Protein chains: 2
Amino acid sequence: MTGPAAIPPSEPPRRRGRPPRAPQDSASRAALIRAGLEHLTERGYAAAALDAILAQAGASKSVFYHHFASKEVFGLALVDEYGAFFARFLDAALRDPAQPSALLRLWSFARSAEAGMARHGFRRGCLIGNLGQEMNALPEPFRARLIATLRDWEARTAACLQDARMAGEIGPHHDPAALAARFWIGWEGAVLRAKLERRAAPLRIFTDGFIDGIAVPGHPLAAMR
Amino acid sequence: MTGPAAIPPSEPPRRRGRPPRAPQDSASRAALIRAGLEHLTERGYAAAALDAILAQAGASKSVFYHHFASKEVFGLALVDEYGAFFARFLDAALRDPAQPSALLRLWSFARSAEAGMARHGFRRGCLIGNLGQEMNALPEPFRARLIATLRDWEARTAACLQDARMAGEIGPHHDPAALAARFWIGWEGAVLRAKLERRAAPLRIFTDGFIDGIAVPGHPLAAMR
């Protein structure tokens, strides 16, 4: 299980309708994506130097421009790769068939994500949070793509919270979609703070407070109320 | 009343123990601070161009280096100015003697901050959140200064939540300091998202959910539970 700051496996998903690339071509693109994700989850877009990314990927400028027309196109591809990667990471916890409690599945996502950040010394944050914070200095096409990525993660989280409501883990007056929106607003703040302080506490403070605030009294995850 | 993205008044506070500066000297420093805050609350540190800040402040490079030894020293001065400015802004709401309900004072802070962001079209965020997100690309001295600023704001918020607990607006099992930490973790996430989406909704979703989650049943700010 990998964390939110972890990097997708080296083989990129094949796009429907496009001819398969030559293996070497795929490998150089994947190496650029991996290096780009490492740099941008750690430093953000403005501070990420293309030269350093190329050096890490062992790729020349001409190979880069063969795959990506510009830094902007590259950045948007990173958003797509990270969004899809993280959606799978989320689903692994939120749809875990071995865990019947939906609230525990949400809790478990947060702890897995924490483990992912810890593995990188809390230096890497969420690509979407990093770029969201920088949005005013980014090309405008990033805005819709970042918002859509967060909406996708919210929808997956809302489905889990809907399960929690159906099972009576949270009160029937709660709106799963509204709660999921609240979760992602706060979670990005928690990742930001965990990176700043280089420790797990902000992730736990946020997640445990969020779950405690919605769990029905007597739920194993609810504090004494 | 000014918002979180608003800029401090042009006269900087006099430092104890330092001789007063010549008025012109003070004015040029204040203009640089104002321009720096505008650029960095909007674009962050890495994307902020010193040339653009100088042009806006009408200051030459030599005037800049007369006041600040480097971009780093300038950035740290901006953190100090913004931290102190925002502490006064927070206190204006959280210690408002005209509002007896502590939870309403917290709610009122959030709405004032929202008005401040709205005035700038939600383009400007929180300087501390922006720089916190960029921390891995910033000189290391920023880390302690950013954390200390957040701790200061948390302490002011904890005092307000302590009032709420004393008055029975929140349950006696709540720890005001822990709640204040949760508030600031989530609030920075909400400001990030409001800036990304250029609208107030994330601030309201977070704040109303936070207050609803801690207010005692029947409190005017508590939703039906």
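Residues numbered from 1 in each chain as written. Chains lettered and ligands numbered in written order. Predicted model: local features only at pLDDT ≥ 70, side-chain atom pairs only at ≥ 80, totals over all residues. Heavy atoms only, no water.

**Some remarks on the overall build of chain A**
Consideration 1: Scanning chain A from terminus to terminus reveals nine helices and zero strands.
Consideration 2: The N-to-C order of helical and strand elements in chain A reads α-α-α-α-α-α-α-α-α.
Consideration 3: Expressed as a percentage of its 225 residues, the buried residues of chain A come to 57%.
Consideration 4: Looking at chain A alone, contacts between residues at least 24 apart form 68% of all its contacts between residues at least 6 apart.
Consideration 5: Counting every atom, chain A has about 9,200 Å² of accessible surface; 57% of that belongs to carbon and sulfur. (Helix = DSSP H or I, 4+ residues; strand = E, 2+ residues; numbered from the N terminus. Buried < 20%, exposed > 50% of the residue type's maximum accessible area, 1.4 Å probe, protein only. Contact = heavy atoms within 4.5 Å. Areas by Shrake-Rupley, 256 points an atom, 1.4 Å probe, with all protein chains shown as cover.)

**Let's talk about the interface of chain A and chain B**
Consideration 1: Facing 40 residues of chain A, the contacting portion of chain B comprises 40 residues.
Consideration 2: When chain A packs against chain B, the two sides together hide about 3,800 Å² of surface, and 58% of this comes from carbon and sulfur.
Consideration 3: Of all residues in chain A, the largest losses of buried area upon contact with chain B belong to A:Gln133, A:Ile185 and A:Leu196, amounting jointly to 19% of the total for that side.
Consideration 4: Here B:Glu154 ties to A:Arg193 by a salt bridge, and the two come within 2.8 Å at their closest N and O atoms.
Consideration 5: Summed over the shared surface of chain A and chain B, the result is 18 residue pairs in polar contact (both at pLDDT 80 or more).
Consideration 6: Looking at the side of chain A that touches chain B, the elements that each hand over two or more residues are helix 1 (23–43), helix 6 (127–133), helix 7 (141–166), helix 8 (176–197) and helix 9 (201–214) of chain A. (Buried area = accessible area lost by both parts, 1.4 Å probe. Salt bridge = Lys/Arg side-chain N within 4 Å of Asp/Glu carboxyl O. Polar contact = N/O pair within 3.5 Å; in protein donor to acceptor, adjacent residues only side chain to side chain.)

**Things to note about empty space enclosed by the protein**
Consideration 1: Overall, the coordinates contain seven cavities of 30 Å³ or more when judged by the stated rule.
Consideration 2: In terms of lining, the largest cavity is formed by A:Arg182, A:Phe206, A:Gly209, A:Phe210, B:Arg182, B:Gly186, B:Phe206, B:Gly209 and B:Phe210.
Consideration 3: Elements supplying a minimum of two residues to the lining of the largest cavity: helix 9 of chain A together with helix 8 (176–197) and helix 9 (201–214) of chain B.
Consideration 4: Here the residues of the lining of the largest cavity are counted per class, giving four nonpolar, three polar and two charged. (1 Å grid on protein atoms, 1.4 Å probe; cavity = no way out; pocket = protein on both sides within 12 Å on 5 of 7 lines; lining within 4 Å. Points joined across faces, edges and corners; volume = space filled by probe spheres on them. Nonpolar A, V, L, I, M, F, W, Y, C, P; charged D, E, K, R; others polar.)

**Things to note about the relation of the copies chain A and chain B**
Consideration 1: Once turned by 180° and shifted 0.0 Å along the axis, chain A lies on chain B with an RMSD of 0.0 Å. Between the two chains, the operation in question is that of a two-fold axis.
Consideration 2: When the interface residues of chain A are mapped onto chain B, 100% of them again fall at the interface, so both copies present the same face. (Least-squares fit on C-alpha atoms with pLDDT ≥ 70 in both.)

**Concerning helix 2 (residues 50–57) of chain B**
Residue and element names in this part refer to chain B.
Consideration 1: Residues of helix 2 that are buried include every one of Leu-50, Ile-53, Leu-54 and Ala-57, and no others. Along the axis of helix 2, the buried positions cluster into a sector of 100°, meaning they face one direction only. Turned more than 90 degrees from where helix 2 packs its buried face, Asp-51 and Ala-55 sit exposed.
Consideration 2: Phi turns positive, to about 60°, at Gly-58, one or two residues after helix 2. (Arc of directions from axis to C-beta.)

**What about the environment of A:Tyr65?**
Residues and elements named next belong to chain A.
Consideration 1: In this fold, Tyr-65 is placed in helix 3 (residues 61–67).
Consideration 2: Considered as a pair, Tyr-65 and Ile-170 are 105 residues apart in the sequence and their alpha carbons are 51 Å apart.
Consideration 3: Apart from the residues within four sequence positions on either side, Tyr-65 is in contact with Leu-50 and Ser-70.

**Digging into the pattern of salt bridges**
Consideration 1: Enumeration over the complete set of coordinates arrives at 36 salt bridges over all chains.
Consideration 2: Across the pair A:Arg151 and A:Glu154 runs a salt bridge whose closest N-O atoms are separated by 3.9 Å. Placement of both A:Arg151 and A:Glu154 in helix 7 is noted, with a separation of three residues, approximately one turn of the helix.
Consideration 3: For A:Arg151, a relative accessible area of 36% puts it in the partly exposed group.
Consideration 4: Look at A:Glu154 and you get buried, because its relative accessible area is 10%.
Consideration 5: Across the pair B:Glu140 and B:Arg143 runs a salt bridge whose closest N-O atoms are separated by 2.7 Å.
Consideration 6: Overall, the relative accessible area of 46% leaves B:Glu140 in the partly exposed class.
Consideration 7: Residue class for B:Arg143 comes out buried when judged on its relative accessible area of 8%.
Consideration 8: Several salt bridges share partner residues, and in doing so they unite A:Arg151, A:Glu154, B:Arg193, B:Glu197 and B:Arg199 into one network.

**What about the packing of aromatic side chains?**
Consideration 1: Summed over all chains, the structure comprises 44 aromatic pairs over all chains.
Consideration 2: Pairing A:Phe183 with A:Phe210 gives two aromatic rings, centres 5.3 Å apart and planes at 75°, and the pair type is edge-to-face. Residue A:Phe183 is located in helix 8, and its partner A:Phe210 is located in helix 9; the two are separated by 27 residues in the primary sequence. Of the two residues, A:Phe183 and A:Phe210, neither departs from the other in class, the shared state being buried.
Consideration 3: Judged by centre distance (5.0 Å) and plane angle (75°), the ring pair of B:Phe64 and B:Phe74 falls under edge-to-face. Here B:Phe64 is found in helix 3 (residues 61–67), whereas its partner B:Phe74 is found in helix 4 (residues 71–94), with ten residues between them in sequence. Summarising the burial analysis for this pair, B:Phe64 and B:Phe74 share the class buried.
Consideration 4: Connected via pairs of aromatic rings, a cluster forms that spans A:Tyr82, A:Phe85, A:Phe86, A:Phe89, A:Phe109, A:Trp153, A:Phe183, A:Trp184, A:Trp187, A:Phe206 and A:Phe210. (Phe/Tyr/Trp six-rings, centres within 6.5 Å; stacked < 30°, edge-to-face > 60°.)

**So, unusual backbone geometry**
Consideration 1: Despite not being glycine, A:Phe122 has its phi angle at roughly 60°, a positive value.
Consideration 2: Here A:Phe122 is to be found in the loop between helix 5 (102–119) and helix 6.

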